Amino acid sequence: MSTKYVKIIEAQRVFFKTGGTRPIEKRIERLENLKRMINENIERIAIAYEKDLGRGLKVAEMERSITLSRIDHQINNLEEWSKPIELPLSPPLSTENGDSLYLVKESLGVVLNIAPWNGPVTSLASNMYAIAAGNTVVFKPSEMAPAIASLWEELAPKYFEQNFFAVITGGVEETTDLLKERFDHIFYTGSTAVAKIIMGAAAKNLTPVTLELGGKNPVFIDDSADISHAVTQLLGGKQMGAGQICVCPDYILVTPKAKKEIVDEFKKRISNLGELNKNEFFGKIVHERAFDSSLHYPLTIVEVPVDDSLMQEELFGPIFPLHEVSSMEEALDIIHSKEKPLAAYAFTSHSNIAHRFVENTWSGGVTINDVMIHTSSPLVPFGGELEGLWESMDSILLPTRKELQ
């Protein structure tokens, strides 16, 4: 079924078939253009951040620093990653016969990237993987951040040809129309419910899909933990974007001796935070559902039973539900009773407990005695399973990425 986007997509497909996306030097040139698009417009990006997310220049610059380092990592390694890999021979192939065998990477074609609102520069920069792998891009920024989406739509033609990189704005109707078209790969970041719709649409064309769906990320704290340090890291993680980050710690499982210390330390720290609406790293609650659930809990910790509604779904807001557990085994049982998360965290001074936590939890990544920091390096894959899924686009389109890590 043709939609209003068919001409854009077909123009990209025609351009891809000319081979214009595949030369390494052209890929690097376009990655440099992506960097320029961010660098040359950082003040305007900050204004859009403030309007949509309640965050300003400091946050935009921090996000820019992280994303530019990742683009540079692509640029610096692209030539090596793109080289054919010589494979060992097995009969009937042999060197005596003059045979050779290589794994050659190929670009896929036209890639659709449906991006989230909570990290706008990161979302824009996520197109680097499709670009680095020699594909064209149809970029759909989130309608939840309209000022940022409009800015990307305005700026993109100044840095890229539309038959290579096109920005589509709008909401559910526009996304639905896009999904009626055939793409060679779809990348989506968002909710599990929408992901199921996207996978259903993609299946009609046998289009491979890469998903990042967050998850309910657990925190385990035992009696040996440095409580002051744990609260510092947990509050820091929750303040970043008001808890609206996919790897943000979600709920706390704590042993009896540590519980009172944790609660007391949280209350003391929260009372000293001042007005959070003036903290640009905190920002504002963007998603209406998260706002409703968080309305009566502005950055707080609340003790709940294990079957409480706050312990069921990803909160994506500034609440820390806390539940007391008698042991690590009980904590693991609770973690295992939920879908596999995108991240898991533990605070302990015992190395054997840390190792057991890593070995007996399944998640996209684990950090011990800190939160979210494992995502900062471009050298490690970032992934998960089911609701905690994020298959990195770079490892999908550039298979050597994981081999190099």
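1. A closer look at the nonpolar core
Next, step 1: Of all hydrophobic cores here, the largest spans 42 residues; its most connected members are Ile 71, Trp 152 and Phe 165.
Next, step 2: Of all the secondary-structure elements, those providing two or more residues to this core are α2 (24-39), α3 (42-53), α4 (57-81), α5 (120-125), α6 (128-132), β4 (136-140), α7 (146-159) and β5 (165-167).
Next, step 3: Take this core: its biggest share by element is 7 residues, from α7.
Next, step 4: By size, the runner-up hydrophobic cluster in this structure holds 27 residues, among which are Ile 227, Ala 230, Ala 343 and Val 371.

2. Concerning the confidence of the model for the protein
Detailed reading of the predicted model is not advised wherever pLDDT is low.
Next, step 1: Scored by pLDDT, the protein comes out at a mean of 84, with 85% of its residues at no less than 70.
Next, step 2: Predicted confidence is poor over residues 293-297, with pLDDT under 50, and the contacts of this stretch with residues over four places away or in other chains come to 7 contacts.
Next, step 3: Counting interchain partners and residues more than four positions distant, the pLDDT-below-50 stretch residues 386-405 has 75 contacts.

3. Remarks on the packing of aromatic side chains
Next, step 1: Per the stated rule, a full pass over the model turns up 5 aromatic pairs.
Next, step 2: Taking 6.2 Å as the distance between ring centres and 45° as the angle between the ring planes, the aromatic pair formed by Phe 139 and Phe 165 counts as tilted. You can see Phe 139 sitting in strand β4 and its partner Phe 165 sitting in strand β5, a full 26 residues away along the chain. For the pair shown, Phe 139 and Phe 165 are each scored as buried.

4. Some points on a nonpolar patch on the surface
Next, step 1: Residues Leu 87, Leu 93, Leu 101 and Leu 103 make up a contiguous nonpolar surface patch of about 270 Å² in total accessible area.
Next, step 2: Mapped onto the fold, Leu 103 is located in strand β2 (residues 102-103).

5. Quick notes on helix α9 (residues 192-203)
Next, step 1: Taking 1.5 Å as the rise per residue, α9 with 12 residues should run 16 Å; its terminal C-alpha atoms sit 16 Å apart, in good agreement.
Next, step 2: Burial in α9 covers these residues: Ala 195, Ile 198, Ala 201 and Ala 202. Angular distribution of buried residues about the axis of α9 spans 125°; they occupy a single face of the element. Projecting away from the buried face of α9 at angles above 90 degrees are the exposed residues Ala 193, Lys 196 and Ile 197.
Next, step 3: Buried positions along α9 lie against β3 (110-114), α8 (172-179), β6 (185-189) and β7 (209-212).

6. Looking at helix α14 (residues 351-359)
Next, step 1: Taken as a whole, α14 has its buried residues at Ile 353, Ala 354 and Phe 357. Along α14, the residues classed as buried sweep out an arc of 100° about the axis, all on the same side. Away from its buried face by more than 90 degrees, α14 exposes Ser 351 and Glu 359.
Next, step 2: Buried residues along α14 sit in contact with β8 (218-221), α13 (328-336), β12 (343-347) and β13 (365-368).

Basis of the calculations
Residue numbers here run from 1 along each chain, matching the order of that chain's written sequence. Per-residue local features are limited, in this predicted model, to residues with pLDDT of at least 70; the limit for side-chain atom pairs, both in listing and counting, is 80 or more; totals at the level of whole chains, interfaces and linings are taken over all residues. Only hydrogens and water are removed before side-chain values are computed, so all heavy atoms of the structure are retained for them. Residues enter a nonpolar core if they are buried and are Ala, Val, Leu, Ile, Met, Phe, Trp, Tyr or Cys, with the set joined through side-chain atoms within 4.5 Å. When accessible area is computed with a 1.4 Å probe and restricted to protein chains, residues below 20% of their type maximum are described as buried, those above 50% as exposed, and intermediate ones as partly exposed. For helices the rule is a DSSP run of H or I covering at least 4 residues; for strands it is a run of E covering at least 2, with both sets numbered from the N terminus onward. Across the chain, each position has a pLDDT score giving the predictor's confidence in that residue, from 0 to 100. Residue contacts follow a heavy-atom distance rule, with two residues in contact if any of their heavy atoms lie within 4.5 Å. The criterion for an aromatic pair is that two Phe, Tyr or Trp rings (for Trp, the six-membered ring) have centres within 6.5 Å, with stacked assigned to planes under 30 degrees apart, edge-to-face to planes over 60 apart and tilted to the rest. By definition, no residue in a patch forms a salt bridge, and every one has over 30% relative accessible area; like charges are joined within 9 Å, nonpolar side chains (Val, Leu, Ile, Met, Phe, Trp, Tyr) within 5 Å. Accessible surface is estimated by sampling points in the Shrake-Rupley manner with a 1.4 Å probe; for residues, cover comes only from the protein chains shown. Any carboxyl oxygen of Asp or Glu that lies within 4 Å of a side-chain nitrogen of Lys or Arg is treated as forming a salt bridge with it. The span one expects for a helix is its residue count, reduced by one, times 1.5 Å. The directions considered for the arc are those from the helix axis to the C-beta atoms.

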